[in-house]
Amino acid sequence: MKFTKPAWVMHKDSSKTDHDTKRLSIFSVHVHPDGSRIATGGLDAKIRIWSTKPILNHASEMSNRPPKSLCTLSMHTGPVLTIRWAHSGRWLASGSDDEIVMIWDLDPSGRGKVFGSNEVNVEGWKPMKRLPGHESDVTDLAWAPEDRYLASVGLDSVVLVWCGYTLERLRKLDQHQGFVKGVCWDPVGEFMATQSDDKSVKIWRTTDWQLEAEIRKPFEDSPGSTFFRRLSWSPDGAHITASNATNNKGFVFIAAVITRGTWTSEISLVGHENTVEVAAYNPHIFLRNPASPIATSNICSVVALGADDRSISIWQTKSARPLIVAREVFERQIMDLSWSWDGLTLYAASSDGTIAVFHFDPEELEGIAPHSAQEQYLHKFGFVPPPTPEGFSHGSFTHSTNAASASRITPPPSPNRAQLQSQSQSGFGASNGINGAEHINKLVAKKSNKKRVQPLLMSSVPSASTSPSGLGPRAFQVPEIPRSRQASHSASPVPSPRTYDADIEMGGPMDMDVPIDALDTSMSSANKGKRKASVLDMSEDRPSKPRTLGGDRPRETVAVREIASTSLVSTRPHLFEGANILPVPPLLTFLSANVEGSDLGPRKSHLLTGKQTLWLDYLPSPVLALTASTTFCGAATQDGSVNVYSHTGRRLMATLSLGSPCAMMHGCKLALMILTASGQLSSINVKSVASFFPPTSVAPLLSSSPNCTILSATVRHNGAPMIHCSSGIAYTYDVQLFSWTKISERWWAEGSDVWQGRQRVNKDKDVVASIEGAIGSTSIPAPHKERPTWWNTALTLGHLESKLHAAKTLDSAIEYKQALLIYARKLADEGFRAKAEELIKELFGPIFWRPSGRDDSWTPVVAGMAKRDLLREVLSVFARSKTLTKLALDWQDTLKKASNDDQL
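Every value quoted in this text rests on a predicted model; they were computed, and no experiment measured them. (Residues numbered from 1 in each chain as written. Predicted model: local features only at pLDDT ≥ 70, side-chain atom pairs only at ≥ 80, totals over all residues. Heavy atoms only, no water.)

1. With respect to the packing of helix α10 (residues 813–830) against helix α11 (residues 833–844)
The geometry of α10 relative to α11 is characterised by a closest axis approach of 10 Å and an angle of 145° between their N-to-C directions. Between α10 and α11 the crossing geometry is left-handed. Listed contacts from α11 to L820, Y823 and L827 of α10 are K835, A836, L839 and L843. Of the residues that constitute the contact of α10 with α11, the class distribution is six nonpolar, no polar and one charged. (Axes fitted to C-alpha atoms, helices over the stretch in contact; angles between N-to-C directions. Helix = DSSP H or I, 4+ residues; strand = E, 2+ residues; numbered from the N terminus. Left-handed = near helix turned anticlockwise from the far one by under 90°. Contact = heavy atoms within 4.5 Å. Nonpolar A, V, L, I, M, F, W, Y, C, P; charged D, E, K, R; others polar.)

Now the structure itself:
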């Protein structure tokens, strides 16, 4: 076996100079099916493609032939967490924390200098298709056998299944209750497996996409602090090896081997000293006795494990001991593993920014069988997959161990613009195919989960209700939710400008430094693979419409323009003169507001129901601002009044009179926040018709720095306001302290290792991170300065402590837990025993605490989570460290005794 760590394979920090190069984490590595190149994805939001010959051959490395770096792809806006080549070798799929899955295709004309850097692309790959659909980070991808499907999983707890040929979305599986961090396919094609932070592995049938089995036992005590839970299916289809499993109540870290059919885990791979992060099977089956025929009793597999203890182990299922254990290969945890198609090379990637390569001689992997033996063996399962769509050569690639030269590159028949327009992404119903077969989706009108509340200033529209002077009553009306689907061309997705058009001839001569076997083909027609979609005949039946106030009135289109105010402010200027510290919104002829997070079903009123009115109301003063949540909508008028309505148009409370026009207004679930021009902020619980706290002024926030302005003002569901100022600081009002407190500020970007500025996040789930992203987007990079020795550590700890308080105040449970575990790891890494012990005592509380006791200075819950449950995970982090192990073990015993006492 040969082991190497090519130092030139790296993702650089572009903000550093060449003399001060900083390695950024590599989250994923995958080798091309022909073994000629690998792709890596990293923290720099880029995908880099490298030639493998300089890695495996020293002479090639020295001569730089072929070139080491082949291509850099930079269309993602967040760190690239997973990359996977299709089995055909023609496409590359990538997933990022920008919530997008991207499909890349070879671009013969894409060579040249990389924009914004000194790098040169030897070969070109272009983004062929964006696959939106996830609402948070995409953590893992997997292509099904023969590339029939592509599965993507993410931190939105959702599994999405895409057609591997047309790239249409086929299914959305949302039964997981936690972050989904791993996915793999059965080599037979019958099942798909996913692994999640809800401490389960779920098995899905590909025939109907229903749940076949759920395995929980090996994962009951597994920690939730790993980046990934990457699992792998053995090439003989008999076993799944799942990562992040434990024995002995969480004190022994293992990889669990799950048996097909019974879906139980009776086998454990034990030996790693920390959590197993990734498992990867060798793509070949192995014969126990090469002289004997292929049979179940004569077959075994080889699997590699990568763990957070920085070591890699390789196991053969016929042996109770690992073949190889490579300890401390990296300086940080292992993120991904990938075997070459010939089964002789293993690539590993780490968050320390390096990769490691293990290359074996065939004699060292005894009993390795050809792929034809695997294909022959898998026939015994008797599963007949659905037929592949005709006309696509994407899946026709036959793997080869030797790279063939290609003098003429003919790209695959990727879907062209006409196809993309005719293949709308319809719903995920059971009608999308028989027995999992690909279904050509009919063009139907889609609805989204957004409802629009649209006020209309009637004084600018000629009607019987408008007085001649233009000062008559004002009205605003709400468009009605549609009751039937209507065909609309706008329902089909708009193709990306970069979409590959198969009608364009791109097969000209092109010399490649590293040929791709999959592209060594010729095509008879550039139009091969085209398909058409028919259109459903839409039903015209509609249920009878119940009568509503204004429901029979068609809504007229109004040009949006600013109009001069002729209301209370101009007639009585002394009322607000000199009192305004915030600008008053301009008076417009038309306003609208979206209902965010609505659960009213799939709707898209702006496509189909722009002419219908749900209800209307007449107000004595023009509307300045609107907001809408899932339970109410509010309208603020120019005379300083606010009206709150239900979605049927009923007033939920008396009209508020705030004494000053509304400058900003926002609603979230049951909470309504109003910020007036005089600087008074009110936060109201619409359901209980009560204020969360007495009205308070934002003047202290604006006086903190000269020329400070408020960029945005929103509210959380618990009534906590969030004020983002131009000074680079975000504030909230703490009800317990009766004071404004800082959520986050630009200062932490100066040196905190966990600053999340300029990253795209889910604003509903990651509220603190979204605030930091907003602050980071408006910040100006500070010049480099010499910093003290403990600068980064001090700012990181301070930032995490501040983030914990912010997440607690804003009731963001997920972020509180994430920040707490990162904080615990930082304390463990630095060995701050006093801080760690203080944190433990804060979470543990009084030893003899009872809910009915008199001591009310300690509460057992924080951000909706039990403190002692959080303490268990914190102690597991401390127990794996070198400096706090004794402290953690002592407190684990104390916590166990306290739990036993509570059960008595």
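Let's pick the thread back up.
2. Structural notes on the environment of W233
Along the chain, W233 falls in strand β22 (residues 232–233). Considering only alpha carbons, one finds W233 and R260, 27 residues apart in sequence, at a separation of 9.8 Å. At 3.2 Å, the side chain of W233 and the backbone oxygen of G237 are in polar contact. (Polar contact = N/O pair within 3.5 Å; in protein donor to acceptor, adjacent residues only side chain to side chain.)

3. Section: the confidence of the model for the chain
Across the chain, pLDDT averages 79, with 74% of residues at or above 70. Below pLDDT 50 for its whole length, residues 521–544 participates in 45 contacts with residues either more than four positions away or in separate chains. Low pLDDT, under 50, characterises residues 566–578; the stretch is placed with twelve contacts to residues that sit more than four places away or in other chains. (pLDDT = per-residue confidence, 0-100.)

4. Overview of the sheet that holds strand β21 (residues 211–215)
Read from one edge of the open sheet, four strands run β18-β19-β20-β21, paired in antiparallel fashion. Each of the sheet's edge strands pairs with one partner strand only, and the pair in question is β18 (180–185) and β21. When the angles between neighbouring strand axes are averaged without regard to direction, this sheet yields 20°. Two elements, β18 and strand β19 (residues 191–196), share five bridges in a ladder whose sense is antiparallel. Directly across from V183, in β19, lies its bridge partner T194. (Pairing = 2+ DSSP bridges.)

5. Examining the packing of aromatic side chains
By convention here, two paired aromatic rings are described through the distance between centres and the angle between planes. Scanning the entire structure with this criterion turns up 18 aromatic pairs. Among the aromatic residues, those joined into a ring-pair cluster are F27, F227 and F228. Sitting over the ring of W8, K68 keeps its end group 5.7 Å from the ring centre. (Phe/Tyr/Trp six-rings, centres within 6.5 Å; stacked < 30°, edge-to-face > 60°. Lys NZ or Arg CZ within 6 Å of the ring centre and 35° of its normal.)

6. Some words on the pattern of salt bridges
Within the structure shown, the criterion is met by 24 salt bridges. In this structure, the salt-bridge partner of R651 is D617, at a minimum N-O distance of 2.6 Å. Linking R651 in the loop between β42 (641–645) and β43 (656–657) with D617 in strand β39 (residues 613–619), this pair joins segments that are 34 residues apart in sequence. Across the pair K742 and E745 runs a salt bridge whose closest N-O atoms are separated by 3.3 Å. For K742, a relative accessible area of 43% puts it in the partly exposed group. The buried category is assigned to E745, whose relative accessible area is 16%. Taken together, the salt bridges that share partners define one network made up of R84, D140, R230 and D336. (Salt bridge = Lys/Arg side-chain N within 4 Å of Asp/Glu carboxyl O. Buried < 20%, exposed > 50% of the residue type's maximum accessible area, 1.4 Å probe, protein only.)

7. With respect to unusual backbone geometry
For the bond from R65 to P66, the omega torsion is -5°, close enough to zero to count as cis. Looking at the element boundaries, P66 is found in the loop between α2 (58–63) and β7 (69–73). Despite not being glycine, E146 has its phi angle at roughly 60°, a positive value. Residue placement: E146 occurs in the loop between β14 (138–143) and β15 (149–154).

8. A word on the nonpolar core
Membership of the largest hydrophobic core comes to 47 residues, with the highest contact counts inside it found for Y816 and F878. When residues of this core are traced back to their parent elements, those giving at least two are α8 (767–778), α9 (791–809), α10, α11, α12 (867–879) and α13 (885–903). In this view, Y816 contacts L804, A807, K808, V862, A863, M865 and L870; residues no more than four positions away in its chain are not counted. Core analysis: the second largest hydrophobic core is formed by 21 residues, V302, I312, F330 and W339 among them. (Core = buried A, V, L, I, M, F, W, Y, C linked by side-chain atoms within 4.5 Å.)

9. Here we look at the environment of M1
In this fold, M1 is placed in the segment before β1 (2–4). On the accessibility criterion, M1 (38% relative accessible area) is partly exposed. Separated by 343 residues in sequence, M1 and L344 have C-alpha atoms that sit 9.4 Å apart. Sequence-distant contacts of M1, defined by excluding residues within four places in its chain, comprise I324, F358, H359, F360 and E364.

10. What to know about the pairing of strand β44 (residues 662–668)
The buried count for β44 comes to five of seven residues, which makes it a mostly enclosed element. Looking at chain direction, β44 and strand β45 (residues 671–676) are connected through six bridges and run antiparallel. Bridge pairing in β45 links H666 to M673. Remark: two residues form the turn of the hairpin made by β44 and β45, two consecutive strands paired antiparallel; K669 in that turn has positive phi of roughly 55°.

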